[in-house]
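# Commentary on secondary and tertiary structure
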Amino acid sequence: MSVNYSERIPNNVGLSENRRLQRALEAWQPNYLRWWQALGPEGALDYDVYLRTAISVETDGWANFGYVKMPDYRWGIFLAKPDEGRTIAFGDHRGEPAWQEVPGEYRSSLRRLIVTQGDTEPASVEQQRHLGRTCPSLYDLRNLFQINVEEGRHLWAMVYLLHAYFGRDGREEADAMLERHSGDPDKPRILGAFNEPTPHWLAYFLFTYFTDRDGKYQLASLAESGFDPLARTCQFMLTEEAHHMFVGETGVMRIIQRTCEVMRELHTDDPERLRAAGVIDLPTMQRFVNFHYSVSLDLFGQELSTNGATYFTTGLKGRYHETRIADDHRLTNATWPVSVPQASAIVREEQPALLAINERLRDDYIVDCQRGLNRCNKEIEKHGVEMVLTLPHRAFHRRSGVCADVHVSPDGRIVTADEWARQAQQWLPTQEDHAFVAALMQPVTAPGKMASWIAPPSRGIHGKPLEYAYVKFHG
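Residues numbered from 1 in each chain as written. Predicted model: local features only at pLDDT ≥ 70, side-chain atom pairs only at ≥ 80, totals over all residues. Heavy atoms only, no water.

### A word on the environment of Val 408
Mapped onto the secondary structure, Val 408 falls in strand S5 (residues 407–408). For Val 408, a relative accessible area of 0% gives the class buried. Taking C-alpha positions, Val 408 is 44 Å from Trp 75, a pair spaced 333 residues apart along the chain. For Val 408, the contacting residues outside a window of four places in its chain are Ile 346, Ala 395, Phe 396, His 397, Arg 413, Ile 414, Val 415 and Trp 420. (Helix = DSSP H or I, 4+ residues; strand = E, 2+ residues; numbered from the N terminus. Buried < 20%, exposed > 50% of the residue type's maximum accessible area, 1.4 Å probe, protein only. Contact = heavy atoms within 4.5 Å.)

### Comments concerning unusual backbone geometry
Positive phi values are uncommon outside glycine, yet His 397 reaches one of about 55°. Note that His 397 resides in the loop between helix H10 (357–382) and S5. On the basis of relative accessible area, His 397 is assigned to the buried category, the value being 14%. With a phi angle near 55°, His 462 is a residue other than glycine that sits in the positive phi range. Secondary-structure assignment places His 462 in the loop between helix H12 (431–440) and strand S7 (471–472).

### Structural notes on the packing of helix H8 (residues 282–297) against H10
It is at 12 Å that the axes of H8 and H10 come closest, and there the two elements cross at 165°. Classified by the interaxial angle, the pair formed by H8 and H10 is roughly antiparallel. For the pair H8 and H10, the crossing hand works out as right-handed. Residue-level inspection shows Leu 282, Tyr 293, Ser 296 and Leu 297 of H8 in contact with H10, the latter providing Arg 362, Tyr 365, Ile 366, Cys 369 and Ile 380. Grouping the constituent residues of the contact of H8 with H10 by class yields 7 nonpolar, 1 polar and 1 charged. (Axes fitted to C-alpha atoms, helices over the stretch in contact; angles between N-to-C directions. Parallel < 35°, antiparallel > 145°, perpendicular 65-115°, else oblique. Left-handed = near helix turned anticlockwise from the far one by under 90°. Nonpolar A, V, L, I, M, F, W, Y, C, P; charged D, E, K, R; others polar.)

### What about the packing of aromatic side chains?
If you walk through the whole model with that rule in mind, you get 34 aromatic pairs. Residues Tyr 209 and Phe 210 carry aromatic rings whose centres are separated by 4.6 Å and whose planes lie at 65° to one another, so their mutual orientation is edge-to-face. For Tyr 209, a relative accessible area of 2% corresponds to the buried category. Of the residues examined, Phe 210 reaches a relative accessible area of 0% and is grouped as buried. Put simply, the rings of Trp 28, Tyr 32, Trp 35, Trp 36, Tyr 73, Trp 75 and Trp 156 touch in pairs and so form one group of aromatic residues. Over the aromatic face of Tyr 67 sits the side chain of Lys 472, whose NZ or CZ is 4.2 Å from the ring centroid. (Phe/Tyr/Trp six-rings, centres within 6.5 Å; stacked < 30°, edge-to-face > 60°. Lys NZ or Arg CZ within 6 Å of the ring centre and 35° of its normal.)

### Focus on the side chain of Ser 137
Examined against the element boundaries, Ser 137 turns out to sit in the loop between helix H2 (107–127) and helix H3 (138–165). The exposure class of Ser 137 is buried, given its relative accessible area of 1%. A distance of 3.4 Å separates a polar side-chain atom of Ser 137 from the backbone nitrogen of Tyr 139. For Ser 137, the side chain forms a polar contact with the side chain of Asp 140, separated by 2.7 Å. In this structure, Ser 137 is in contact with Val 444, Lys 449 and Met 450, ignoring residues within four places of it in sequence. (Polar contact = N/O pair within 3.5 Å; in protein donor to acceptor, adjacent residues only side chain to side chain.)

### A word on a negative patch on the surface
Residues Asp 269, Asp 270, Glu 272, Glu 386 and Glu 432 make up a contiguous surface patch of negative charge. Inspection of the secondary structure assignment puts Asp 269 in the loop between helix H6 (228–266) and helix H7 (271–276). Looking at Asp 269, the relative accessible area reads 60%, which means it is exposed. (Patch = residues over 30% accessible without salt bridge, like charges linked within 9 Å, V, L, I, M, F, W, Y side chains within 5 Å. Areas by Shrake-Rupley, 256 points an atom, 1.4 Å probe, with all protein chains shown as cover. Salt bridge = Lys/Arg side-chain N within 4 Å of Asp/Glu carboxyl O. Lys, Arg positive; Asp, Glu negative; His and termini not counted. Charge placed at Lys NZ, Arg CZ, Asp CG, Glu CD.)

### Notes on the nonpolar core
Membership of the largest hydrophobic core comes to 104 residues, with the highest contact counts inside it found for Phe 145 and Trp 453. Non-local contacts of Phe 145, meaning those with residues more than four positions away in its chain, are made with Pro 41, Ala 44, Tyr 47, Val 49, Leu 51, Met 70 and Val 471. Counting residues in each nonpolar core, the second largest holds 13 residues, with Ala 193, Leu 299, Ala 424 and Leu 428 among its members. (Core = buried A, V, L, I, M, F, W, Y, C linked by side-chain atoms within 4.5 Å.)

### What about the pattern of salt bridges?
Considering all chains together, one arrives at 36 salt bridges under this definition. The salt bridge involving Arg 111 is made with Asp 169; its shortest N-O contact spans 3.4 Å. Of this pair, Arg 111 sits in helix H2 while Asp 169 is found in helix H4 (residues 167–177), placing the two residues 58 residues apart along the sequence. Overall, the relative accessible area of 18% leaves Arg 111 in the buried class. Arg 319 is the partner of Asp 327 in a salt bridge, and the nearest nitrogen-oxygen pair spans 2.8 Å. Salt bridges here are not isolated pairs; linked through shared partners, they connect Arg 213, Lys 216, Glu 249, Asp 368, Arg 371 and Arg 375.

Function-wise, these values are silent; they only describe arrangement.
What follows is the structure in C-alpha cells.
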C-alpha cells in the first residue's frame, strides 16, 4: 500500500474521500507544527538531516532516504494492509469479525487506550529536545532525529484515530496531546516515565533500550486489538519501533565496548581512574540500568488489574503474540504467577490469569530485556573483564503496583527504610554520577569523528560510510 504524498497530509487511508475528516486534521496540523517548533529538537529547525521517510507499508521496502529539514518532514497517517476476513482472536468476542467501527459499549475504554499510547509519542520528543546540542557523532545525531520524527508520526497515527472515530471527544483529546508537556507541573504527561528528564546521551540510550522496548510490547498488544484500525496502525508503528530499540541497544553496547577498551589499555577496573580517562565505568552503567529498567517496569501497570482484564475480555487489547499462545484465549480458569511482598520477602503466587494480564506482559518484557543484556555481557567478556551487568529484581525501586510501598534491594530483598537510605547511592545514579556523565557530553560534529566515551558503530546508515555527513548544519 503506497502512501499518497500529493496530499497536504500524506496517507494511505483515502483521506481525500472524507472531506470533513480531512479538514479537521488540516486544522490540527498548524498546532502540531507550532508544538514541533517550540518543543521539538532544539536549534535544529534549519538542519538538513539524512532521514528515512515511509513511502509504502509493504514489507519488501517502505522507506525512502534523503536530506530533509525536519519541519518539512512529511508526517502522515499509515495503516498496515488490511487482513481480509480477520476475526477477533481473544476474549468474549473471540471468532467474531474484527470491528471496523468503534463498538458503542467500549467507546470510553478504547479512547483511553488510544490517548494513553498517543501521549507517550510527543512526550519522548520533549524529553530529548536538548540532546542534539551534545551529540557524540553525526551518526548518533541523525538517529536521534530519525526517532524524533517517527515519534511525531506515531502521534499523527493516534490523532487520526481520535478524529476519525470519536467525534468531538476525539478532537478534544487530540488537542490535549499538544497541551500536556513532559515534566510540566500543571499539565504533565500521563505516564510517569515520560515525565522523567533525559539529560544526557547515556540516559537517552537507556531510554531507547528500556522504555522504547516497553513501547514494543504495548504496541504489539494493541496490534492484536479487535478494533481493526487500531491494530493496523500499531502493526506499522512496530516496524519503526524496532529501529528505536536498535539505537538503544547498540548505543549501550558501544559505550561498554569503549569502556572495556580503556580498561584493557590502563589495566584497571578502578572507576575513578576510568572516569579520569573519560569513559563511563561499569558500576555507573549498572546504576543507570537499575534506574531506567525499574522506571520502565512501572509502565505495565498494576500486577492485578481489573482494567487489564476488561481490555482483554472485551477484545480491545490482547497479549504479546496472542495468536501464538496455546490456550483458550479466554482465560476463564487459568492462573498466572505474580510477584507480591509477603513478610520479609517477595514471593510468587498464582493469581487469576485474567487479572494478571499486565504481569504476563511484564514477564515477556523482562525476558526480552535480559536477552539484550546478555549480548552486552558477551561484549564485556570478550574484553576479558569479569563484571556482569544484571537486571535488578522486578520489585526494585517501583513506584506503582504492589511493591510501591516497600523498599527492595536489587537482589530482591525487602530492606528497611534505613538500609535503603544507606545503600540507595550504590544502587541508583547519584547527582555526582549525572554531573560526571553530563561533563562528558561535549558535541562532536565533524563527519566520521566520535566522542571519546563511545565506540564507533559497526556500519553506517543505508550503506553510507561512517564519514558521511548525516546532518548538515547552516549558519
